[in-house]
Amino acid sequence: MEQVIKNYSFKHTLNKAAFRDGIRDGVPIGLGYFAVSFSLGIAAKNAGLTPFQGFLASLLCNASAGEYAGFTLITAGAAYVELAIVTLIANARYLLMSCAMSQRMDPKMPGFHRFTMAFHITDELFGIAIARPGCLNPFYSYGAVLAAGPCWAFGTALGAAAGSLLPLRLVSAFSVALYGMFLAVIIPASKKDGVVAGLIICCFIASFCAAYLPVFSGMSSGTRTIVLTLVLSAAAALLFPKAADEEEK
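These remarks concern the structure in this document. (Residues numbered from 1 in each chain as written. Predicted model: local features only at pLDDT ≥ 70, side-chain atom pairs only at ≥ 80, totals over all residues. Heavy atoms only, no water.)

1. Quick notes on the packing of aromatic side chains
Point 1. In total, this model carries four aromatic pairs according to the counting rule given.
Point 2. For the pair Tyr33 and Trp152, a centre-to-centre distance of 5.4 Å together with 65° between the ring planes defines the contact as edge-to-face. Taken as a pair, Tyr33 in helix 1 (residues 2-46) and Trp152 in helix 8 (residues 138-162) lie far apart in primary sequence, 119 residues in all.
Point 3. Using a relative accessible area of 7% as the deciding quantity, one classes Tyr33 as buried.
Point 4. Measuring from ring centre to ring centre gives 5.6 Å for Phe139 and Tyr142, while their planes differ by 75°; the resulting arrangement is edge-to-face. In this pair, Phe139 and Tyr142 both sit in helix 8, three residues apart, roughly one turn of the helix. (Phe/Tyr/Trp six-rings, centres within 6.5 Å; stacked < 30°, edge-to-face > 60°. Helix = DSSP H or I, 4+ residues; strand = E, 2+ residues; numbered from the N terminus. Buried < 20%, exposed > 50% of the residue type's maximum accessible area, 1.4 Å probe, protein only.)

2. Describing the packing of helix 6 (residues 111-119) against helix 8
Point 1. Two elements in contact, helix 6 and helix 8, have axes whose closest approach is 10 Å; the angle formed by their N-to-C orientations is 35°. Classified by chirality, the crossing of helix 8 by helix 6 is left-handed. Across the interface between the two elements, Phe112, His113, Thr116 and Met117 of helix 6 pack against Pro138, Phe139, Ser141 and Tyr142 of helix 8.
Point 2. Among the residues making up the contact of helix 6 with helix 8, the classes are represented as five nonpolar, three polar and no charged. (Axes fitted to C-alpha atoms, helices over the stretch in contact; angles between N-to-C directions. Left-handed = near helix turned anticlockwise from the far one by under 90°. Contact = heavy atoms within 4.5 Å. Nonpolar A, V, L, I, M, F, W, Y, C, P; charged D, E, K, R; others polar.)

3. Focus on the environment of Leu199
Point 1. Its location among the elements puts Leu199 in helix 11 (residues 194-210).
Point 2. Residue class for Leu199 comes out partly exposed when judged on its relative accessible area of 28%.
Point 3. On a C-alpha basis, the gap between Leu199 and Ala235 in space is 9.9 Å, while along the polypeptide they are 36 residues apart.

4. Topic: the nonpolar core
Point 1. Formed by 29 residues in total, the largest nonpolar core has its most connected members in Met101, Met117 and Leu125.
Point 2. Secondary-structure elements contributing two or more residues to this core are helix 1, helix 5 (93-102), helix 7 (123-130) and helix 8.
Point 3. Ignoring any residue separated from it by four or fewer positions in sequence, one finds Met117 in contact with Met101, Met105, Met109, Leu136, Pro138, Ser141 and Tyr142. (Core = buried A, V, L, I, M, F, W, Y, C linked by side-chain atoms within 4.5 Å.)

5. With respect to helix 8
Point 1. Its 25 residues place the ends of helix 8 36 Å apart at the C-alpha level, agreeing with the 36 Å of an ideal helix rising 1.5 Å per residue.
Point 2. A maximum bend of about 30° is found in helix 8 at Val145.
Point 3. The N-cap of helix 8, judged by a side-chain oxygen 2.9 Å from the amide nitrogen of Phe139 a few residues on, is Asn137. (Expected span 1.5 Å × (residues − 1). Bend = angle between axes of the 7 residues up to and from the residue. Polar contact = N/O pair within 3.5 Å; in protein donor to acceptor, adjacent residues only side chain to side chain.)

6. Here we look at the pattern of salt bridges
Point 1. Applying the stated criterion across every chain yields a total of three salt bridges.
Point 2. When the shortest N-O distance is used, the salt bridge between Asp25 and Arg24 registers 2.9 Å.
Point 3. Each of Asp21, Arg24, Asp25 and Arg132 takes part in a single network of salt bridges with overlapping partners. (Salt bridge = Lys/Arg side-chain N within 4 Å of Asp/Glu carboxyl O.)

7. Description of helix 3 (residues 64-75)
Point 1. In this model helix 3 runs 16 Å from its N-terminal to its C-terminal C-alpha over twelve residues, within 8% of the 16 Å that 1.5 Å per residue would give.
Point 2. Among all positions in helix 3, only Gly66, Glu67, Ala69, Gly70, Phe71 and Leu73 are buried.
Point 3. Residue Gly77 follows helix 3 closely and has a positive phi angle near 70°.

This is the structure we're talking about:
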């Protein structure tokens, strides 16, 4: 009985520490989200949505590309089926992220943790979660979402309320914080592993070329991301495989 209490206390301490780390890492992401979602709120207002409706849309859909596509279709008076299909295509890359995160979860993790983490997957939150060593702790993701999620939703509401009062160039300039966050995720990993650094450089080059090549340029950015992710990750797995014991370590 005493051992069970000690194990519970130790696990509780780890969860609290992970939750605090998530809040800490989620704050800069939230600041970037606020700037980006402000311009998203302007698009929501142009689509005829109220600030509360914009708030609710961002609270239930954590994807800028999907929301922009949705608001554009609402403005055009598209049918619900079209809205659902386009949003699914625009957000399809999150299927790959979910698969990657599922490989890092403790097999004993309850299902409700898995569903909650999957619902809140975004590019940035996925980046900071997958960069942590060991099995993923759901409480780290909860802390990051608690810090970043409200900024996304409230930023959309404020953008819808303000309309077009602020110039879009100024709002777009604030979103540079998100790119800084991405650099903070990939630079430490590239310093530790030369293979990772080389793959990152290849990804940048491939992404740039794909935007101009005739075959890929006609695709949406989300589709290009999926194709490049599958091709580059498969090539990396074949050329630079990792032993199972190394992964466990």
